[in-house]
Amino acid sequence: RILDTSGLAADSDKPIVIGELGAGHGRLAHMFAMSTRCKYMIFDITPALLVSQWYITSLFPDEKIFKFRHFDHFDEVAEELSECRFAFFSSSQLEKFPAKYFDLFINVCSLMEMRMDTIHYFFREIDRVTRGYFYTKQWLVQNNREDNVVIERDDYPVPQSWKRKMEGIDPINQRLFEEVWEIK
């Protein structure tokens, strides 16, 4: 399925601002960039962050790209970031972003790899930084053997204020579910 992104941006003259946690090599960033007027920001751990940064940089050599680096406060990078089409951050840098920054936030098959306290943390952050929608795709049941945790679909701490706009089983891999949540 393809998420209809029309009407996501508050001002249609501005690009849709998308954040993705755990982007792998960046295939969704590539797809959105080819089909949508957007700014795409990836949050991940190394080495995956560096792989997606290399991939996107090689595909879009003429685009302004904010490459991963340390910063203490969002205002240190805000102006430069406003001029970039793509940006790369460690997953912990999400907390430095201002409230309601993203029109769309995405996570595909990486929340399920985390401990429950980390999943709770990222749901709070996604709720804080997103003003539009959250798309997620996860395993129906994930056995996280390293942390001795089994995570099922109903274990995700979705805030009560979110409204489910779409849910279903992935048509290709029926062990995965996908949902779209509206965040106000």
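Heads up: these notes are all about the structure in this document. Everything quoted here is computed from the prediction, not taken from an experiment.

Some thoughts on helix α1 (residues 27-35)
Those residues of α1 that sit buried are Ala29, Phe32 and Ala33. Down the axis of α1, the smallest arc covering the buried residues is 100°, so these residues share one side. Away from its buried face, by an angle of more than 90 degrees, α1 presents the exposed residues Met34 and Ser35.

Digging into the nonpolar core
Judged by nonpolar contacts, the single largest core of 33 residues is most densely connected at Met41, Phe97 and Phe102. Sorting the residues of this core by element identifies β1 (16-21), β2 (38-44), β4 (86-90), β5 (102-108), α4 (116-129), β8 (149-152) and β10 (176-182) as the ones contributing at least two each. Considering each element in turn, this core owes the most residues, 5 residues, to α4. Apart from residues no more than four positions distant in its own chain, Phe97 is found in contact with Met41, Phe43, Phe74, Leu81, Phe89, Phe102, Arg128 and Val129.

Some thoughts on the packing of α1 against helix α2 (residues 48-59)
Direction vectors running N to C along α1 and α2 enclose 25°, while the axes themselves pass 9 Å from each other. In this view, α1 runs roughly parallel relative to α2, as classed from their interaxial angle. You can see that α1 and α2 cross each other, and the crossing is right-handed. Within the contact between the two elements, α1 uses Arg27, Ala29 and His30 and α2 uses Tyr55, Ile56 and Leu59. Class assignment of the residues belonging to the contact of α1 with α2 gives a composition of 4 nonpolar, 1 polar and 1 charged.

What about the pairing of β8?
Only one face of β8 is buried, namely the one carrying Val149 and Ile151, since none of Val150 and Glu152 on the opposite face is buried. Examined bridge by bridge, strand β7 (residues 141-144) and β8 share 4 bridges and lie antiparallel to one another. Considered in β8, the bridge of Val141 is made with Glu152. Counting the residues between successive antiparallel strands, the hairpin from β7 to β8 contains 4 residues, one of them, Asn148, with a positive phi of roughly 55°.

Details of the pattern of salt bridges
All told, the structure shown has 12 salt bridges when counted by the stated rule. One salt bridge in this structure joins Glu80 and Arg69, with 2.4 Å as the shortest N-O distance. Here Arg69 lies in the loop between β3 (65-66) and α3 (78-82) and Glu80 lies in helix α3, a separation of 11 residues in the sequence. Given the relative accessible area of 31%, Arg69 is considered partly exposed. Between Glu167 and Arg153 there is a salt bridge; the shortest N-O distance is 3.0 Å. On the criterion of sequence distance, the pair formed by Glu167 in strand β9 (residues 163-169) and Arg153 in the loop between β8 and β9 is long-range, its members being 14 residues apart.

Some points on the sheet that holds β1
The strand order across the open sheet formed by 8 strands is β3-β4-β2-β1-β5-β6-β10-β9, and the pairing between neighbours is mixed. If you trace the sheet from one side to the other, it starts and ends with β3 and β9, each paired once.

Side note on the packing of aromatic side chains
Tallied over the full model, the rule gives 22 aromatic pairs. Considering the side-chain rings of Phe43 and Phe97, the 5.3 Å spacing of their centres and the 75° angle between planes classify their relative orientation as edge-to-face. Separated by 54 residues along the polypeptide, Phe43 in strand β2 and Phe97 in the loop between β4 and β5 bring together distant segments of the chain. Each member of the pair Phe43 and Phe97 is classed as buried. A network of ring pairs unites the aromatic residues Phe43, Phe66, Phe71, Phe74, Phe89, Phe97, Tyr101, Phe102 and Phe105 as a single cluster.

Some points on the side chain of Asp103
Examined against the element boundaries, Asp103 turns out to sit in strand β5. Separated by 2.9 Å, the side chains of Asp103 and Arg131 make a polar contact.

Definitions and limits used
- Residues numbered from 1 in each chain as written.
- Predicted model: local features only at pLDDT ≥ 70, side-chain atom pairs only at ≥ 80, totals over all residues.
- Heavy atoms only, no water.
- Buried < 20%, exposed > 50% of the residue type's maximum accessible area, 1.4 Å probe, protein only.
- Helix = DSSP H or I, 4+ residues; strand = E, 2+ residues; numbered from the N terminus.
- Arc of directions from axis to C-beta.
- Core = buried A, V, L, I, M, F, W, Y, C linked by side-chain atoms within 4.5 Å.
- Contact = heavy atoms within 4.5 Å.
- Axes fitted to C-alpha atoms, helices over the stretch in contact; angles between N-to-C directions.
- Parallel < 35°, antiparallel > 145°, perpendicular 65-115°, else oblique.
- Left-handed = near helix turned anticlockwise from the far one by under 90°.
- Nonpolar A, V, L, I, M, F, W, Y, C, P; charged D, E, K, R; others polar.
- Pairing = 2+ DSSP bridges.
- Salt bridge = Lys/Arg side-chain N within 4 Å of Asp/Glu carboxyl O.
- Phe/Tyr/Trp six-rings, centres within 6.5 Å; stacked < 30°, edge-to-face > 60°.
- Polar contact = N/O pair within 3.5 Å; in protein donor to acceptor, adjacent residues only side chain to side chain.

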